[in-house]
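Below, each chain spelled out in residue letters.
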Amino acid sequence: MVDVHKLAQIGIAKRYQTDEVIFDEGDAGEEMFILLTGRVGVYRHSVDGHEVQLAELTPGSFFGEMSLLEKQPRNATVKALDETIVVTLNQNNFEEVIAQQPQLAFRIMQGMSHRIRLQNEQLATLMQKDSEEPPETENDVCVSADKDLPMESKQSPVVEKSENTEMLSSEKDDYYLFDKEITCPVCNNTFSVKMVRSSRLRLNAVESDLRQRFANFEPLWYMVWICPNCSFANFNYEFKQLSDEQKKFVLSNSKDRKQKYTTSFSHPRKLGEVLNAYFLVLDQLMAQTQPDSGRIAKVWLRLSWLYQDADDNENYLIASQNALEFFCKMYYQDGKTRNPDEEQRLALVLGELYFRLQQYKEAGEFFRRAIVHRGGNATINRQAEDRIQELKDIIQAVHTPTK
């Protein structure tokens, strides 16, 4: 049995308030945490950008040990679900702890063994799926991604083009937000951002394209943070994730972006300001030497939802088309290994984008890919199966002669 009280004497105690992030996925880290009081949630962001809870930890649990042992970036986000106290162990005191309490080393080994077993199971599932499906190329499906949209609709939308840019955020939003000081990873400027109180969110529904709908609150309006000093902008959960090359690029183009984009928000926020923030993120992503298709796709997908809420159907379709294009590039070209859940989610989103653009043949193909009977996500399986049935009904209606 690990003696938590002795650990507290060796390590450093830290306190976190409810909804406070302990560390973000992608952060550098050289310490592990042992939970003394409260609860923490462990999250990862899926390929479509949604936060997925992997686990909820209670007192006596530990986390962050992989970064301590391997000096690798954090592979998940951890945030406090209650007022929480943890003990942190770093390289300097870890050996002392292991010498006094070898049980902790055994528990860490058990945790690592469990992760390896899960990874092997995921790999086996992917290998089985690959053996069941014939190899396909990008031209098999995505070549026709924009064939049904008029040429004038294939341009990028602009903020001024929407008729509802003066639409305001809800007066009730403050209940779901709190202010936090953060440091810009580019210029080291400290500024205040709006953080979402996750503990107050109540999920109403998950739509067919995996969009999450919350009661009385829309997190999309607060997902992008902008440094007012250098104009660096990014999603809140990826804000600190950029390379040295990207930092140099942001600094070298800061003046031009400040002239083109607004770097502040009014209170309450205006839709035009929120759209401006998303386009600033796009500007920076698209200008990279090797643009990240997945990140670009997630921005366009969220822009489509914002235009949908504003009843701007023209820009909704344009943003959907752009999201489809970059998700296709991500699906076929990024070369990254995805686990079965990520493959399912990505296939489902591609199917939904084809569906909303009325490209039903391609939609059906990706809905079929989203169905994984062995080890798959049951919810995604059901959504994909329901969509396939809807497609059958649509095709039947088209081919049924009217009397």
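Owing to the predicted nature of the structure, the values given are computational and were not obtained by experimental measurement.

Caption draft 1: Spotlight on the overall build of the protein. Broken down by element type, the protein carries 13 helices and 14 strands. Burial status across the protein gives 49% buried among its 403 residues. Taking all contacts inside the protein whose residues are at least 6 apart in sequence as the whole, residues at least 24 apart take part in 70%. When the accessible area of the protein is evaluated, it comes to approximately 20700 Å², of which 49% is carbon and sulfur surface.

Caption draft 2: Inspection of the confidence of the model for the protein at higher detail. Of all residues in the protein, 80% have pLDDT values of 70 or greater, and the mean over the chain is 83. Taking the mean pLDDT of every element in the protein, the minimum, 48, falls on helix 5 (residues 138-141) and the maximum, 97, on strand 13 (residues 224-226). Counting interchain partners and residues more than four positions distant, the pLDDT-below-50 stretch residues 134-139 has 8 contacts.

Caption draft 3: Spatial organisation of the sheet that holds strand 4 (residues 40-45). Overall, antiparallel pairing links the 4 strands, which are arranged 2-7-4-5 in an open sheet. Two strands lie at the open edges of the sheet, namely strand 2 (21-23) and strand 5 (51-57), each paired on one side alone. Put simply, the sheet's adjacent strands are angled 30° from each other on average, direction ignored. The sheet contact formed by strand 4 and strand 5 spans 6 bridges and is antiparallel.

Caption draft 4: Region of interest: the packing of helix 12 (residues 360-369) against helix 13 (residues 378-399). One can describe the packing of helix 12 onto helix 13 by two numbers: an axis separation of 9 Å at closest approach and a directional angle of 155°. Taken as axis vectors, helix 12 and helix 13 run roughly antiparallel relative to one another. Along this stretch, helix 12 crosses helix 13, giving a crossing that reads as left-handed. Two secondary-structure elements touch here, helix 12 through Tyr360, Ala363, Gly364, Phe367 and Arg368 and helix 13 through Ala384, Arg387, Ile388, Leu391 and Ile394. Considering only residue class, the contact of helix 12 with helix 13 consists of 7 nonpolar, 1 polar and 2 charged.

About the thresholds
- Residues numbered from 1 in each chain as written.
- Predicted model: local features only at pLDDT ≥ 70, side-chain atom pairs only at ≥ 80, totals over all residues.
- Heavy atoms only, no water.
- Helix = DSSP H or I, 4+ residues; strand = E, 2+ residues; numbered from the N terminus.
- Buried < 20%, exposed > 50% of the residue type's maximum accessible area, 1.4 Å probe, protein only.
- Contact = heavy atoms within 4.5 Å.
- Areas by Shrake-Rupley, 256 points an atom, 1.4 Å probe, with all protein chains shown as cover.
- pLDDT = per-residue confidence, 0-100.
- Pairing = 2+ DSSP bridges.
- Axes fitted to C-alpha atoms, helices over the stretch in contact; angles between N-to-C directions.
- Parallel < 35°, antiparallel > 145°, perpendicular 65-115°, else oblique.
- Left-handed = near helix turned anticlockwise from the far one by under 90°.
- Nonpolar A, V, L, I, M, F, W, Y, C, P; charged D, E, K, R; others polar.

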